[in-house]
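# Structural overview
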Amino acid sequence: VFSAGLGIPEAPLTLRFHEVGTKVITMVTSTTDALAAAAQGTDVVVVQGSEAGGHRSVGAKLSQQQAVGGGLFTLLPEVIKRLAAAGTAVPVVAAGGIVDGRGLAAALALGAQGALLGTRFVGLFLVYAALAALLFIFQSRFIHFPVMGREERATPALLRRPFGWEGTPLEP
């Protein structure tokens, strides 16, 4: 699997990956980018809302107004609708702000064929994250991080919530 987090792989590159049996996944933050990725032959489009963990895969420097972007649950059905209207059958995966089973259920209800979770797993003890980072997350009231010219904040309590299926809640 080749996963493009910044920019859209052009057709010749996508073709080279396909020739050696490699699937191509492209993260997008707009319907325009989703259509472009599909046109370049990507195998999976990951729709990344503005809630994504501190970064957005836009492939270019944006103005502060442009950087705010759309929330996942607004953007997701629009991307799915536009891809369908264009006649493409590229699977769509949701990313950004999904931290539990309810978020996954919402993404699936809106038409996503899966979900990509990232920051949610930082606190898992199976992940070899730096101890200092884990302590910072669990001891902070808010996590602050810059996002393309604006300040975001997330509560560590989100990372402590259980998944909603069998398993252990994340506790410090």
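Our subject is the structure that appears above.
Structural notes, computed from the coordinates. (Residues numbered from 1 in each chain as written. Predicted model: local features only at pLDDT ≥ 70, side-chain atom pairs only at ≥ 80, totals over all residues. Heavy atoms only, no water.)

### So, the sheet that holds strand 3 (residues 44-48)
- The strand order across the open sheet formed by five strands is 1-2-3-4-5, and the pairing between neighbours is parallel. Every interior strand has two partners, whereas the edge strands, strand 1 (2-4) and strand 5 (114-116), have only one. The average undirected angle you get between the axes of adjacent strands in this sheet is 25 degrees.
- Pairing geometry for strand 3 and strand 4 (residues 92-95), over four bridges, is parallel. Its bridge partner lying in strand 4, Gln-48 is registered against Ala-95. (Pairing = 2+ DSSP bridges. Helix = DSSP H or I, 4+ residues; strand = E, 2+ residues; numbered from the N terminus. Axes fitted to C-alpha atoms, helices over the stretch in contact; angles between N-to-C directions.)

### Remarks on the nonpolar core
- With 17 residues, the main nonpolar core has Val-45, Val-47, Leu-76 and Ala-94 as its most contacted residues.
- When contributions to this core are tallied by element, the ones reaching two or more residues are helix 2 (31-39), strand 3, helix 4 (72-85) and strand 4.
- Here this core takes five residues from helix 4, the largest share from any one element.
- Dropping the residues within four chain positions of it, Val-47 is found in contact with Val-28, Leu-72, Leu-75, Leu-76, Val-79, Val-92, Val-93, Ala-94 and Ala-95.
- Of all hydrophobic cores here, the second largest spans five residues; its members include Met-27, Val-46, Val-93 and Ala-95. (Core = buried A, V, L, I, M, F, W, Y, C linked by side-chain atoms within 4.5 Å. Buried < 20%, exposed > 50% of the residue type's maximum accessible area, 1.4 Å probe, protein only. Contact = heavy atoms within 4.5 Å.)

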